[in-house]
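One letter stands for each residue in the lines below.
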Amino acid sequence: MSAPQPQPGAPARSRSAAAIGWVLTIGLNIFAPIFTYNALTDHGWTEFSALLLSGAWPVLDAVISLVWHRKLDEFALVTLLFLALTAVVSLVGAHSARALIVKDSAVTGLSGAVFLGSLLASKPMMFYFGRRFATDGTPEGAAWWNGLWRFEGFRAVMRRMTVVWGVAYVVEAVVRIVLSYLLSIDTMVVVSPFLIYGTLGLLALWTIRTAKRSRADGDARMAAAAAAAAAAESAPAAGPDLAGV
């Protein structure tokens, strides 16, 4: 009996490439849009105009990704999709501050629904998000990540993470919509970012802990299987039955 095939270790990562990738992704998708939106609204821009212009930063991130890696990855495509969806949703219906909060929450809920819907696809959403953040973006890193899909344990973890992220986003969206009608707008302006980034932070921490625990459990199972295989191979063969001789 042979031991199951262990998962290959990650290739050596370019620290500079990984650092640049993280700074660009976080800066252009999170901090730059928030800063731009706040700066524009403080200078008299309408909320919709400020929201639309602040969405140019993630577009720039997608362009940089396209130029750097010579392809548009799934993470960038999803980001562009939801930026377009946010702009369209903002255009329809009322344009009050409360309506904007509800619309933004609805887009978040739709994001969660997309996560859950991706479970029906060949690979769930967290597989592509994991490839964006767990590798340095090099072809070697992407090939290593893609190769992990052949392991059943890896597939199960990706699907479980996708379920948790999807459900969390749907629940967070529902909570924000309810609170937007229970609390004043001034209060929601403060509460909403805490809900958005608090949920994201908790999900990120849970994801990191789950990935480490799953890797440790996988290594432990591999070691136990290898030990059992070695014991079986070294066990002496049974002798002839001498009963009745």
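Residues numbered from 1 in each chain as written. Predicted model: local features only at pLDDT ≥ 70, side-chain atom pairs only at ≥ 80, totals over all residues. Heavy atoms only, no water.

**Student:** Hey, could you go over the nonpolar core for me, with residue numbers and the actual values?
**Tutor:** Ranked by size, the top nonpolar core spans 18 residues in total, and within it Phe115, Phe127, Trp145, Phe154 and Met158 carry the most contacts. At the level of secondary structure, the elements contributing two or more residues to this core comprise α6 (125-134), α7 (139-147) and α8 (152-182). Sorting elements by how many residues they give to this core places α8 first, with 6 residues. Leave out the neighbours within four places in its chain, and Phe115 touches Met125, Met126, Phe129, Thr162, Trp165, Gly166 and Tyr169. (Core = buried A, V, L, I, M, F, W, Y, C linked by side-chain atoms within 4.5 Å. Buried < 20%, exposed > 50% of the residue type's maximum accessible area, 1.4 Å probe, protein only. Helix = DSSP H or I, 4+ residues; strand = E, 2+ residues; numbered from the N terminus. Contact = heavy atoms within 4.5 Å.)

**Student:** Could you give an account of the pattern of salt bridges, with specific residues and numbers?
**Tutor:** As a working rule, side chains carrying opposite charge can pair if their charged atoms are close by. Within the structure shown, the criterion is met by 1 salt bridge. Of the charged contacts, one joins Arg176 and Glu172 as a salt bridge, the two residues approaching to 2.6 Å between their closest N and O atoms. Of the two residues, Arg176 and Glu172 are both situated in helix α8; the distance of 4 residues between them amounts to about one turn of the helix. Accessibility assignment for this pair places Arg176 and Glu172 in one class, buried. (Salt bridge = Lys/Arg side-chain N within 4 Å of Asp/Glu carboxyl O.)

**Student:** Outline the confidence of the model for the protein chain, supporting the account with residue identities and numerical values.
**Tutor:** When pLDDT is low, close inspection of the predicted coordinates is not appropriate. Overall, the predicted model of the protein chain reaches an average pLDDT of 77, with 73% of residues at or above 70. Element-level mean pLDDT values for the protein chain span from 68 in helix α4 (residues 74-91) up to 94 in α8. (pLDDT = per-residue confidence, 0-100.)

**Student:** Requested: an account of the packing of aromatic side chains, with residues and values cited.
**Tutor:** What the rule picks out here adds up to 11 aromatic pairs. Taking the centre distance of 5.3 Å and the plane angle of 85° together, the rings of Phe127 and Tyr128 count as edge-to-face. Note on Phe127: relative accessible area 1%, which makes it buried. An aromatic cluster of three or more residues is present, and its members are Phe127, Tyr128, Trp144, Trp145, Trp149 and Phe154. The ring of Phe127 carries the charged tip of Lys123 above its face, separated from the ring centre by 5.6 Å. (Phe/Tyr/Trp six-rings, centres within 6.5 Å; stacked < 30°, edge-to-face > 60°. Lys NZ or Arg CZ within 6 Å of the ring centre and 35° of its normal.)

**Student:** Can you tell me about α7, naming the residues and giving the values?
**Tutor:** Note that an α-helix has 3.6 residues per turn; residues three or four places apart therefore point the same way. Of the residues making up α7, those classed as buried are Gly141, Ala142, Trp144 and Trp145. Down the axis of α7, the sector holding all buried residues measures 160°, keeping them to one side. What points out from α7, more than 90 degrees from its buried face, is the exposed set Pro139 and Glu140. Tucked inside the fold, the buried residues of α7 contact α6 and α8. (Arc of directions from axis to C-beta.)

**Student:** Quick one: what's the story with a positive patch on the surface, residue by residue and with numbers?
**Tutor:** There is a patch of like positive charges on the surface, built from Arg160, Arg209, Lys212 and Arg213. No other element matches helix α9 (residues 185-234), which puts 3 residues into the positive patch. Mapped onto the fold, Arg160 is located in helix α8. (Patch = residues over 30% accessible without salt bridge, like charges linked within 9 Å, V, L, I, M, F, W, Y side chains within 5 Å. Areas by Shrake-Rupley, 256 points an atom, 1.4 Å probe, with all protein chains shown as cover. Lys, Arg positive; Asp, Glu negative; His and termini not counted. Charge placed at Lys NZ, Arg CZ, Asp CG, Glu CD.)

**Student:** With reference to specific residues and values, describe the side chain of Arg131.
**Tutor:** When you line up the elements, Arg131 lands in helix α6. Look at Arg131 and you get buried, because its relative accessible area is 14%. At a separation of 2.8 Å, a polar atom in the side chain of Arg131 contacts the side chain of Asn146. (Polar contact = N/O pair within 3.5 Å; in protein donor to acceptor, adjacent residues only side chain to side chain.)

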